[in-house]
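Survey of secondary and tertiary structure
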Amino acid sequence: MSHLKEDHNPTPGRTFGVPNKALLGALRESADELSRFWRDHHPEGPGYIEIVRTEEARKALQRRIQDEAVHQIRALSIGPSSHLTAPPELAPGSLEALARGVVYSVVYGAQSLRDPIGREIIQACVTLGERARVFPNVALNLKICDDRLALVSPPVHDPQRRHYIAVEQSPLLDGLIGVFESYWQMAVPLPAGDESMDDVGDAATDDTRQLLTYLSGGLTDESIARELGVSERTVARRIARLQEVLGAQTRFQLGVQASRRGWL
């Protein structure tokens, strides 16, 4: 579920390393194709596609997705935007859907972790059972209800020109599901819990996982220190200790080794 206000101008962050460039390029091309589609599309289009032109209609469709989901909701969320003044908020109907057993799988853009309120919302949803992952640059906002309905919002630089596309069962919907699955495979899992960090051993503590997640999400050492309530020097020391234990020369290698051990 996309819990946060949508952003349409994603910005890169500091991460473990550069993801597969070919795959990332293909995902961006898909987002560009969707942008060109709604810009050039006339109102009388295929029956499985609807251009959602008003904010009221978008909210109604988002609520429909939450209310009608039976098995799962899969989502991509760019995250909150700097040009939005309202704080991030929980999507209406999402808690009810979680309570009735709908499985949520969400890939958040790294900037979602840079917003304190956004992080609290994400952590609360993870605690309730959401499967959440983070990826440096999510190219579009997407919600998929089971395998029968999707709401897409490709990125635009002008929020006044924001449009949405509702897609029902079709080859296009199958393609959107494939886009989500590609992001899901590349993204880093977000762990639950915020216990303090102990000495690093064979198993990672919750706070070790949180530190690694913040790194993968692009937070600076200063931001990580603020989140963990420690100094930047302590953060740097803990990262160096992790690199030593895992035999990693760089932060990218640290991410790879942590993933291999199942710490992410």
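What comes next concerns the included structure.

So, about the environment of Glu168. Along the chain, Glu168 falls in strand β7 (residues 164-168). Exposure remark for Glu168: the relative accessible area of 37% places this residue in the partly exposed category. For Glu168 and Ile144, which are 24 residues apart along the polypeptide, the C-alpha to C-alpha distance reads 9.6 Å. When residues no more than four places from it in sequence are discounted, the contact partners of Glu168 are Tyr48, Arg64, Arg148, Leu149 and Leu173.

This part is about the sheet that holds strand β2 (residues 72-77). Spatially, β1-β7-β6-β5-β2-β3-β4-β8 is the arrangement adopted by the 8 strands of the open sheet, whose pairing is mixed. Two strands lie at the open edges of the sheet, namely β1 (49-52) and β8 (188-189), each paired on one side alone. Two strands pair when backbone bridges link them, and β2 and strand β3 (residues 103-109) are joined in this way by 6 bridges, in the parallel orientation. If you follow Leu76 over to β3, its bridge partner there is Val107.

The full count for this structure, using the stated rule, is 2 aromatic pairs. Geometrically, the ring pair formed by Phe135 and Tyr183 is edge-to-face, given 5.3 Å between the ring centres and 85° between the ring planes. Note that Phe135 is positioned in strand β4 (residues 131-135) and Tyr183 in helix α5 (residues 171-186), a separation of 48 residues in sequence. Grouping residues by exposure puts Phe135 and Tyr183 together as buried.

A few words on the pairing of β4. Of all 5 residues in β4, 4 are buried, a share of seventy percent or more. In this sheet, β4 lies alongside β3 in parallel orientation, the contact comprising 5 bridges. Residue Val106 lies in a different strand from β4, and its bridge partner there is Ala132. Note on the crossover from β3 through helix α4 (residues 116-127) to β4: the handedness is right-handed. As judged from the 2 bridges shared by β4 and β8, these two strands associate in the antiparallel manner. Along β8, the bridge assignment pairs Val134 with Val188.

Basis of the calculations
- Residues numbered from 1 in each chain as written.
- Predicted model: local features only at pLDDT ≥ 70, side-chain atom pairs only at ≥ 80, totals over all residues.
- Heavy atoms only, no water.
- Helix = DSSP H or I, 4+ residues; strand = E, 2+ residues; numbered from the N terminus.
- Buried < 20%, exposed > 50% of the residue type's maximum accessible area, 1.4 Å probe, protein only.
- Contact = heavy atoms within 4.5 Å.
- Pairing = 2+ DSSP bridges.
- Phe/Tyr/Trp six-rings, centres within 6.5 Å; stacked < 30°, edge-to-face > 60°.
- Right-handed = clockwise from strand over helix to strand, strands pointing away.

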